Amino acid sequence: MSQAPADGGAVERFAKSRRSARAIALQALYEWDAVRHPPADSVGRIADDFLEDTGRDSILSYAAALVDDVQQDEARLDRLIQEHATAYPVSQLATVDRNAIRLALSEITNARVPVAIAIDEAVELARTYGAESSARFVHGVLGGVLAELSIDP
């Protein structure tokens, strides 16, 4: 797990850059999921509209790593989601919700961030980019998956 910088301002910048990376990753995964645009192309293009030059390389690097992790582990992540969102097949879940959950589960299972941060960030992504009930849905599914995996938030 990577470590955040020690001083307060640096910690805030670090958290903001990770949040930006997650937002870019979510948008790239949305495009990949919906129309199969290559995520590597999407990450750079989305970042062009989203980022300034400051910290751009580290943000792009983290976003690309997140996208790659989700793509590599999509089948396992979707099985976990399906076990806890049983009303519909994973393919019928809202694209934003599905990918916010995939991102969080990937960050958790790859030990990129503490569980509570992954959950909070996924819920915030769902609140920002999803429907009115998305944040609640994402939180509920993640809570169920983590309980099954015996991971404390």
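Source: prediction; values computed, not measured.

**Brief notes about the nonpolar core**
Among soluble globular proteins, nonpolar side chains are generally buried collectively.
Right, so step 1: The biggest cluster of nonpolar side chains holds 46 residues, and the ones touching the most others in it are Ile24, Ile81, Leu103, Leu105, Val138 and Leu142.
Right, so step 2: Those elements giving two or more residues to this core turn out to be α1 (8–35), α2 (39–50), α3 (56–72), α4 (74–84), α5 (95–109), α6 (115–129) and α7 (134–148).
Right, so step 3: It is α1 that provides the largest number of residues to this core, a total of eight residues.
Right, so step 4: What Val138 contacts, discounting residues up to four positions off in sequence, is Asp97, Ala100, Ile101, Ala122, Val123 and Ala126.

**What to know about the packing of α4 against α7**
Right, so step 1: Packing of α4 against α7 leaves a shortest axis separation of 9 Å and a crossing angle of 105°. Judged by the angle between their axes, α4 and α7 are roughly perpendicular. Residues Leu80, Ile81, Glu83 and His84 of α4 lie in contact with α7, whose contacting residues are Val141, Gly144, Val145 and Glu148.
Right, so step 2: A per-class count over the contact of α4 with α7 returns four nonpolar, two polar and two charged.

**Topic: the packing of aromatic side chains**
Right, so step 1: For the structure shown, the criterion picks out zero aromatic pairs.
Right, so step 2: The aromatic ring of Tyr62 is capped on one face by Arg18, whose charged end is 3.7 Å from the ring centroid.
Right, so step 3: If you follow Arg36 out to its NZ or CZ, it ends over the ring of Trp32, 4.5 Å from the centre.

**A closer look at the environment of Arg76**
Right, so step 1: Considering the arrangement of structural elements, one finds Arg76 in helix α4.
Right, so step 2: Sequence separation between Arg76 and Arg102 is 26 residues, and the spatial gap between their C-alpha atoms is 9.7 Å.
Right, so step 3: Within the structure, the side chain of Arg76 is placed 2.7 Å from the side chain of Asp73, a separation counted as a polar contact.

**Quick look at α2**
Right, so step 1: The end-to-end C-alpha separation of α2 is 16 Å, in line with the 16 Å expected for twelve residues at 1.5 Å each.
Right, so step 2: Residues Pro39, Ser42, Val43, Ile46 and Ala47 constitute the buried set of α2. Along α2, the residues classed as buried sweep out an arc of 130° about the axis, all on the same side. Facing away from the buried side of α2 by over 90 degrees, the exposed positions are Ala40, Asp41 and Asp48.

**Some remarks on the packing of α2 against α3**
Right, so step 1: At a closest axis distance of 10 Å, the pairing of α2 and α3 adopts a crossing angle of 145°. Classified by chirality, the crossing of α3 by α2 is right-handed. Counted together, Pro39, Val43, Gly44, Ala47 and Asp48 of α2 and Arg56, Leu60, Ala63, Ala64, Val67 and Gln71 of α3 form the full contact between these two elements.
Right, so step 2: Across the contact of α2 with α3, the residue classes tally to seven nonpolar, two polar and two charged.

**A closer look at the pattern of salt bridges**
Right, so step 1: Tallied over the full model, the rule gives eleven salt bridges.
Right, so step 2: The partner of Glu31 in a salt bridge is Arg45, and the shortest N-O contact between them spans 2.4 Å. Here Glu31, found in helix α1, pairs with Arg45, found in helix α2; they are 14 residues apart in sequence, far enough to count as distant.
Right, so step 3: The exposure class of Glu31 is buried, given its relative accessible area of 17%.
Right, so step 4: Assessed through its relative accessible area of 39%, Arg45 is described here as partly exposed.
Right, so step 5: Linking Arg76 and Asp73 is a salt bridge whose minimum nitrogen-to-oxygen distance equals 2.7 Å.

Conventions adopted
- Residues numbered from 1 in each chain as written.
- Predicted model: local features only at pLDDT ≥ 70, side-chain atom pairs only at ≥ 80, totals over all residues.
- Heavy atoms only, no water.
- Core = buried A, V, L, I, M, F, W, Y, C linked by side-chain atoms within 4.5 Å.
- Buried < 20%, exposed > 50% of the residue type's maximum accessible area, 1.4 Å probe, protein only.
- Helix = DSSP H or I, 4+ residues; strand = E, 2+ residues; numbered from the N terminus.
- Contact = heavy atoms within 4.5 Å.
- Axes fitted to C-alpha atoms, helices over the stretch in contact; angles between N-to-C directions.
- Parallel < 35°, antiparallel > 145°, perpendicular 65-115°, else oblique.
- Nonpolar A, V, L, I, M, F, W, Y, C, P; charged D, E, K, R; others polar.
- Phe/Tyr/Trp six-rings, centres within 6.5 Å; stacked < 30°, edge-to-face > 60°.
- Lys NZ or Arg CZ within 6 Å of the ring centre and 35° of its normal.
- Polar contact = N/O pair within 3.5 Å; in protein donor to acceptor, adjacent residues only side chain to side chain.
- Expected span 1.5 Å × (residues − 1).
- Arc of directions from axis to C-beta.
- Left-handed = near helix turned anticlockwise from the far one by under 90°.
- Salt bridge = Lys/Arg side-chain N within 4 Å of Asp/Glu carboxyl O.

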